[in-house]
Amino acid sequence: MADQDARNGEDKRPTEIPALRWEEPPEGPVLVLLDQTRLPAEEVERVCTDASALVEAIRSLAVRGAPLLGIAGAYGVALAAARGFDVAEAADALAGARPTAVNLAGGVRRAQAAHQAALARTGDTRQAATAALDAARALHREDAEASARMAAHGLALLDELLPAGGHRVLTHCNTGSLVSGGEGTAFAVALAAHRAGRLRRLWVDETRPLLQGARLTAYEAARNDMPYTLLTDNAAGSLFAAGEVDAVLIGADRIAADGSVANKVGSYPLAVLARYHHVPFIVVAPVTTVDPDTPDGASVEVEQRPGYEVTEVTAPQVPVTGAGGGIPVAPLGAQAYNPAFDVTPPELVTAIVTEEGAVSPVTAEALAELCARSRQVTIS
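Residues numbered from 1 in each chain as written. Predicted model: local features only at pLDDT ≥ 70, side-chain atom pairs only at ≥ 80, totals over all residues. Heavy atoms only, no water.

A. Fine view of the overall build of the protein. Scanning the protein from terminus to terminus reveals 11 helices and 17 strands. Against the globule reference of 21 Å for 380 residues, the protein gives a C-alpha radius of gyration of 20 Å, in line with a compact fold. C-alpha extents for the protein along the principal axes are approximately 65 × 55 × 40 Å. Buried positions account for 53% of the 380 residues belonging to the protein. Partitioning the intrachain contacts of the protein with sequence separation of at least 6 by distance along the chain shows that 74% fall at a separation of at least 24. Of the accessible surface of the protein, which amounts to about 16,300 Å², a share of 52% is contributed by carbon and sulfur atoms. With 31 positive and 47 negative side-chain charges, the protein shows a separation of 3 Å between the mean positions of the two kinds. (Helix = DSSP H or I, 4+ residues; strand = E, 2+ residues; numbered from the N terminus. Rg over C-alpha atoms; globule rule 2.2 N^0.38 Å. Buried < 20%, exposed > 50% of the residue type's maximum accessible area, 1.4 Å probe, protein only. Contact = heavy atoms within 4.5 Å. Areas by Shrake-Rupley, 256 points an atom, 1.4 Å probe, with all protein chains shown as cover. Lys, Arg positive; Asp, Glu negative; His and termini not counted. Charge placed at Lys NZ, Arg CZ, Asp CG, Glu CD.)

Rendered as structure tokens:
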């Protein structure tokens, strides 16, 4: 596996350190990733020179988030093609690196299809590699544009549901620029509300087991000078009971054809709490996250993570003794149930916001119509 670390200056901002970028140094093209496992303590970049390095980065969550995984997968195919590796083999490895996020396989197959079409048309491997790279760059641009449109649609919906303003929004996991070609999905909506002077408080779930809310969402909120407060996942209920939450905004890793939403584990309990307390529960995701081939929530393959992510904690510059390289916080041999995601049924979702607009109520028919409309826009 070929990868290496390259440290950045401490004064850099996320807008100056993109989550992912393509570079072409003299020794050959590379894909450069901001290593999200090192945040917020360090801003370190990982340089991938082949698809196997990118697969490892995806599995270790150095790069993560449904939209960004799709972009990364497409660039991974382009990287394999540009460096003369077996493109089909690289594509299969990349598409299978994480099973729940549908965008990953979608991005991979889009770049692979462009590569195959160019190769069949010209017989020139260099032109085929260029076609794969063009497909990846197009997906990257489209995601940035989709992010801006989702933010606008999401803020309009918030203002419609909460006309008094002063929104107090609870979010889960990380859905900002670290998961997107733009400013994100759910986080982008909260950021738009902040810029418009209508965000009173962003409640940030720490998001077990990998603390992606504490490590990443809080990092992005702080860098954008947003009013935010971090809470443990199991403290959300007391916030609802105290009337301190006006809306829940989350992203999605896969949306089934019936509107069931797979997102980071802990999302489903928030939906139940929101319904009981009559609080809007809003999912923000690009149309590419809707998977018509997954009929319902029961059909979503939920990734199971290693148990040591629960039984151990990691801290920089602290001696480690656990099997996963962390500090044990549970008895030796303790078993852990550690799904990466859970599934929220459509009847608990107030609205799904996409770049093409919002769907509410969430039904299979409404989602299918939105996806068809999106395809027509893309074709035209």
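B. Examining the sheet that holds strand 12 (residues 290-291) more closely. Here we have 4 strands laid out as an open sheet, ordered 12-9-10-15, and mixed in their pairing. Every other strand in the sheet has two partners, leaving strand 12 and strand 15 (341-344) as the edge strands with one partner each. Summarising the sheet, strand 9 (residues 254-256) and strand 10 (residues 261-264) pair through 2 bridges and their orientation is antiparallel. Along strand 10, the bridge assignment pairs Ile-255 with Val-261. (Pairing = 2+ DSSP bridges.)

C. Main features of the nonpolar core. Ranked by size, the top nonpolar core spans 41 residues in total, and within it Leu-31 and Leu-54 carry the most contacts. The set of elements that each furnish at least two residues to this core consists of strand 2 (20-23), strand 3 (30-34), helix 1 (51-59), helix 2 (66-82), helix 3 (87-95), helix 4 (102-122) and helix 5 (125-161). In terms of residue count, the dominant contributor to this core is helix 2 (12 residues). Leaving out residues up to four positions away in the same chain, Leu-31 has contacts with Leu-20, Arg-21, Trp-22, Arg-46, Val-47, Cys-48, Leu-54, Ala-72, Tyr-75 and Leu-79. In terms of nonpolar packing, the next biggest core, distinct from the first, is built from 29 residues, Val-248, Val-261, Val-279 and Val-290 among them. (Core = buried A, V, L, I, M, F, W, Y, C linked by side-chain atoms within 4.5 Å.)

D. Representation of the packing of helix 2 against helix 4 within the structure. Their axes nearest at 7 Å, the elements helix 2 and helix 4 cross at an angle of 30 degrees. Here helix 4 runs roughly parallel to helix 2, going by the angle between their axes. The element helix 2 and its partner helix 4 pack so that their crossing is right-handed. Packed against helix 2, whose contacting residues are Ala-66, Pro-67, Leu-69, Gly-70, Gly-73, Ala-74, Val-77 and Ala-81, the element helix 4 presents Asn-103, Leu-104, Gly-107, Val-108, Ala-111, Gln-112 and His-115 at the interface. Residues that form the contact of helix 2 with helix 4 fall into these classes: 9 nonpolar, 6 polar and no charged. (Axes fitted to C-alpha atoms, helices over the stretch in contact; angles between N-to-C directions. Parallel < 35°, antiparallel > 145°, perpendicular 65-115°, else oblique. Left-handed = near helix turned anticlockwise from the far one by under 90°. Nonpolar A, V, L, I, M, F, W, Y, C, P; charged D, E, K, R; others polar.)

E. The arrangement of helix 9 (residues 267-276) in detail. The complete set of buried residues in helix 9 reads Ser-267, Leu-270, Ala-271 and Ala-274. All buried residues of helix 9 fall inside an arc of 100 degrees around its axis, so they share one side. Positioned one or two residues after helix 9, His-278 has a phi angle of 60 degrees, which is positive. (Arc of directions from axis to C-beta.)

F. Structural context of unusual backbone geometry. A cis geometry characterises the amide bond from Arg-208 onward to Pro-209, with omega recorded as 0 degrees. A cis geometry characterises the amide bond from Ser-360 onward to Pro-361, with omega recorded as -5 degrees. One can find Pro-361 in the loop between strand 17 (357-359) and helix 11 (364-379). Within the chain, Leu-61 stands out as a residue other than glycine whose phi angle is a positive 70 degrees. With respect to the helices, strands and loops of the structure, Leu-61 is situated in the loop between helix 1 and helix 2. Of note, Asp-225 is a non-glycine position whose phi angle comes to about 55 degrees, a positive value. Mapped onto the elements, Asp-225 comes out in the loop between helix 7 (212-223) and strand 7 (228-231).

G. Molecular detail of the pattern of salt bridges. Evaluated as defined, the whole model comprises 19 salt bridges. For Glu-43, the salt bridge identified is with Arg-223, shortest N-O distance 3.1 Å. With Glu-43 in the loop between strand 3 and strand 4 (44-48) and Arg-223 in helix 7, this pair connects stretches of sequence that are 180 residues apart. Here Arg-223 falls in the partly exposed class, since its relative accessible area comes to 26%. Glu-206 is the partner of Arg-208 in a salt bridge, and the nearest nitrogen-oxygen pair spans 2.9 Å. We classify Arg-208 as partly exposed; its relative accessible area is 46%. Owing to a relative accessible area of 12%, Glu-206 belongs among the buried residues under this scheme. (Salt bridge = Lys/Arg side-chain N within 4 Å of Asp/Glu carboxyl O.)

H. Empty space enclosed by the protein, seen in detail. Per the stated rule, a full pass over the model turns up 1 cavity of 30 Å³ or more. Estimated volume of the largest cavity: approximately 200 Å³. In terms of lining, the largest cavity is formed by 21 residues, of which the most central are Arg-64, Gly-65, Ala-66, Cys-173 and Asp-253. Sorting the residues of the lining of the largest cavity by element identifies helix 2 and strand 10 as the ones contributing at least two each. A per-class count over the lining of the largest cavity returns 9 nonpolar, 7 polar and 5 charged. (1 Å grid on protein atoms, 1.4 Å probe; cavity = no way out; pocket = protein on both sides within 12 Å on 5 of 7 lines; lining within 4 Å. Points joined across faces, edges and corners; volume = space filled by probe spheres on them.)

I. Inspection of the environment of Phe-281 at higher detail. Of note, Phe-281 is situated in strand 11 (residues 281-284). For Phe-281 and Asn-263, which are 18 residues apart along the polypeptide, the C-alpha to C-alpha distance reads 13 Å. Filtering out sequence-adjacent residues up to four positions away, Phe-281 remains in contact with Val-248, Ile-250, Ser-267, Leu-270, Ala-271, Ala-274, Thr-344, Leu-348, Val-349, Thr-350 and Ala-351.

Treat this as a map of the structure, not an account of what it does.
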